Amino acid sequence: MRHILFLLTISMLVFSSSISAQSPTGSVLGLVRGGDGKLQEAATVSLYQSADSALAKMAVTNKEGRFLLENLAPGNYFVAVSKIGFELFHSDAFVLTAGENGKELPAIELIQVAKDISGVTVTARKPLIEQKIDRTVVNVDASITNAGNTALEVLEKAPGVSIDKDGNISLKGKEGVVVYIDGRPSYLSGADLANLLRSMNGSQLDQIEIMTNPPAKYDAAGNSGIINIKTKKTKQFGYSGSFTTGYTQGRYARLNDAFNMNYRTGKVNLFTNLNYNRNKTGSELEIARVFRNPVTGDVSSRFEQVSWMRNSGHFLNGKLGADYYVSNKTTIGATISGYYNPSDWYSKTPSYIFSPAKDTISVTQAISKNKEEWTNFSANLNFRTVLDSSGQELTGDIDYIQYLSTNSQPLYSAYFDKHGQPISASDTLLGTLPQDIFIYSGKLDYTLPLKDGAKFEAGWKSSYVETDNNALYENIYGGVAELDSARTNHFVYRENINAAYANYSRSLGKKWDAQLGLRVENTNARGVSRGYEFDTNNDKFVATERRFKRAYTQLFPTFYLQYKASEQHQWVLNYGRRVNRPNYMDLNPFINFLDRYTFQQGNPDLKPQFAHNVELKHTYKSFLSTTLNYTRTDDIIQQVFEQNDETNETYIKKANIAKMQQVGLGVSAFKQINKIWSGNVFVNINYNEFEGLVNGTSVSVDQVTAAIQMQHQFKLNKGWSAEIGGFYRTKGLQGVMNIEDFGMLNAGFSKQVLKNKGTIRVNVRDIFAGGVFKGTSRYGDVDVRFKSINDSRALNVSFSWRFSKGKINNNGGQRKKGGADDELNRVGR
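What you see is a predicted model; the values in this text were computed from it and never measured. (Residues numbered from 1 in each chain as written. Predicted model: local features only at pLDDT ≥ 70, side-chain atom pairs only at ≥ 80, totals over all residues. Heavy atoms only, no water.)

Visitor: Would you mind going over the overall build of the chain with me for this structure?
Guide: Along its length, the chain carries 4 helices and 47 strands. In the chain, which comprises 829 residues, the share counted as buried stands at 52%. For the chain, contacts bridging at least 24 residues in sequence account for 68% of all contacts bridging at least 6. Summed over all atoms, the accessible surface of the chain reaches about 35500 Å², with 56% contributed by carbon and sulfur. (Helix = DSSP H or I, 4+ residues; strand = E, 2+ residues; numbered from the N terminus. Buried < 20%, exposed > 50% of the residue type's maximum accessible area, 1.4 Å probe, protein only. Contact = heavy atoms within 4.5 Å. Areas by Shrake-Rupley, 256 points an atom, 1.4 Å probe, with all protein chains shown as cover.)

Listed below in structure tokens is the structure:
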């Protein structure tokens, strides 16, 4: 761990000194408009050195069509301006003299034309990180070390994102992130969301959008914000696509293949994505527990276990969609997608029970062989219509999504004394855990442009979700199966959420912009749990039924205020209220076993948690962004340990344990240091404070945590590129668990081949195998220490080939996202 921190520190010092050693003060500004005179927003302006055409700086035009290129050294330059639907513009060469600040270029006029690009492959280079007013954008292909990685591993390297040993995602130290895929919620969370992202090939991804305080148009779900994973897509006449194949070697070999294609002709646009992933990983989990006498507090026994786990599976998913352009103003579309994911999970766990003096009392050998199979089908119908020439627009989506799963979970246990002699008969606990999830969603969004750049937005959404979980447990003794009534449970949950929102934005002069939004959500939920309880009077198990019903309506305001003090300094203040509803799996009371002494259990008593988020962001010269944030969360949902001191059992569940307050400071910087070297750094420091009741015990814990992420990229000659980067996190809190420091270092290189139509990438992830997750949890009668070693170090080799033939599509009507927003994230898949 020390060498990772040392390398990152040296890297940061070199990065900082490179910036401070250069003090160019020149700047170039200009205006971009179309052939009709209309000012062009979001056009990409690239500044090149005339001598060798090396890229010196990039910028994007604002609402007024203006751009500014700063911190330039004296020299000869030219600019290139590009935007979809327009010809690429090249300026004449010009000279920037020493100290020349604010050099105004002649107005640039783009020519709108469909340009034939048959046989041409576009390889424009995007920066790895882009900072926008309401979000941070990560361009996945800009990082060499993303090649061959899963979507979860790619996400782990995004600024401010952290992922724990179970795959739970946090953003700037806060849990409760909602994950979208192509603007649609995944409806999955926790371990199941992690499994889906592990199965997705990183080569499918185009961008990752990180929004810590989304506007009212988005669902209010997500305590710490929204992460939108955008897959690759294209907009052009004719056809285009790509194929990627890769081989990864960790402890075991892994394979991944991906294919995507788009075909546009006339009024019809067709697109498809296919992905296959064969995955096999290994890991170890060490747990040490201390059990105490509840009266005296003295140690009564000690418990230690080591689990060796192996997970293997296949993942095949596909998407097929079509858009029909009814007219220049109206588009209708449909998308179907699905996946098939069979997997096997094997674990071997010896568990040792010791006396307080550490003498062995007994040993339990447990073997679990899980067989799990998930299938998914999703369908989306959508439309978009422009109502008039002012840009008044109406869009709509209807979604249907289903997840079907089977899970066979046999647990074999044998019991021995300290000499290895059997002390009781071995047994088998067999769990059959099918799960079905059905989601229906519909939404409408309306946009009304107003005078002077103002805009009004409003919309409606309604969703209905039903989950059915029927957990059957049987104990097998001597080959005879007997119902385990204490663990068997049938849980059905139904939920309806109705929402409406309004959003208004406008300029308040030349330097001020404001946006105000309000979202109202009405939630109606009910559940029924059917199981068995032991009747002590009749000495037998009797059938029971427990029902619950919840209905509540909440308001979620959002507010943004931007102040452009100058071209160099911009400030943004924003506020939002958020909600994080319990995941469907966390509400399910069934039990999931690691062994006879360690298991997870759902909690149907979970309530939603609510948070207030405030952020103040300052951007300097489009290079340095500094964010100060404050969050207060009530009824926070966290993972807790509970123990049975008599049976040496420990189970993990989610509970509303406390209120949390966080104050954080984040700094992000990107610098094109010279014509071959660029770098970006993200540093986040936050103070977390938890205060509440856990298992009836008052708990108050706090901790300061720091994290640093860095990425250095080198664009060399003849199509060669290289990259090195990583992250390091200090000790910190994760709910009531104290997590040790950990980090990771990655490196790789790439080569453009086949006339820039192909790319070969080689990279190594977690070079020093530093991705070891360690921690402790001590409160009340709980005293737990754990260590998780994952299969994170791996070598990957991949090849990508891009192809295209056709013309640029000047119609931006293609839509590949749907309207089911919050629900997908809560499936747990």
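Visitor: Just to check I follow, could you spell out the layout of surface pockets for this structure?
Guide: Rolled over the atoms, a probe as big as a water molecule pinpoints where empty space is left. Within this model, the second largest pocket holds a volume of roughly 640 Å³. Surrounding the second largest pocket, 28 residues form its lining, A486, N489, P589, I591 and Q601 being those nearest its centre. Counting residues per element, the ones that place at least two in the lining of the second largest pocket are β30 (512-535), β31 (540-564), β33 (591-595), β34 (598-601), β36 (624-644) and β37 (649-672). The element best represented in the lining of the second largest pocket is β30, accounting for 5 residues. Taken together, the residues of the lining of the second largest pocket break down into 9 nonpolar, 11 polar and 8 charged. (1 Å grid on protein atoms, 1.4 Å probe; cavity = no way out; pocket = protein on both sides within 12 Å on 5 of 7 lines; lining within 4 Å. Points joined across faces, edges and corners; volume = space filled by probe spheres on them. Nonpolar A, V, L, I, M, F, W, Y, C, P; charged D, E, K, R; others polar.)

Visitor: Teacher, can you tell me more about the nonpolar core here?
Guide: Soluble, globular proteins show a tendency: their nonpolar side chains are buried together. Core analysis: the biggest nonpolar cluster contains 40 residues, and V161, I169, L197, I208 and I227 have the highest contact counts within it. When neighbours within four sequence positions are excluded, I227 is seen to be in contact with L155, V161, I169, V177, V178, V179, Y180, I208 and E209. Residues I287, L594, L733 and F742 belong to the second largest nonpolar core, which totals 27 residues. (Core = buried A, V, L, I, M, F, W, Y, C linked by side-chain atoms within 4.5 Å.)

Visitor: Sorry if this is basic, but what is going on with the pairing of strand β43 (residues 742-753) here?
Guide: The two faces of a sheet get side chains in turn, since along a regular strand they alternate between them. Here strand β40 (residues 720-729) pairs with β43 via 10 bridges, running antiparallel. Looking at the pairing, R729 lines up with F742 of β43. As paired elements, β43 and strand β44 (residues 758-765) share 7 bridges and run antiparallel to each other. Counterpart to G748 in the pairing with β44 is N763. Here β43 folds back onto β44, and the loop between the two strands holds 4 residues, one of which, L754, carries a positive phi near 55 degrees. (Pairing = 2+ DSSP bridges.)

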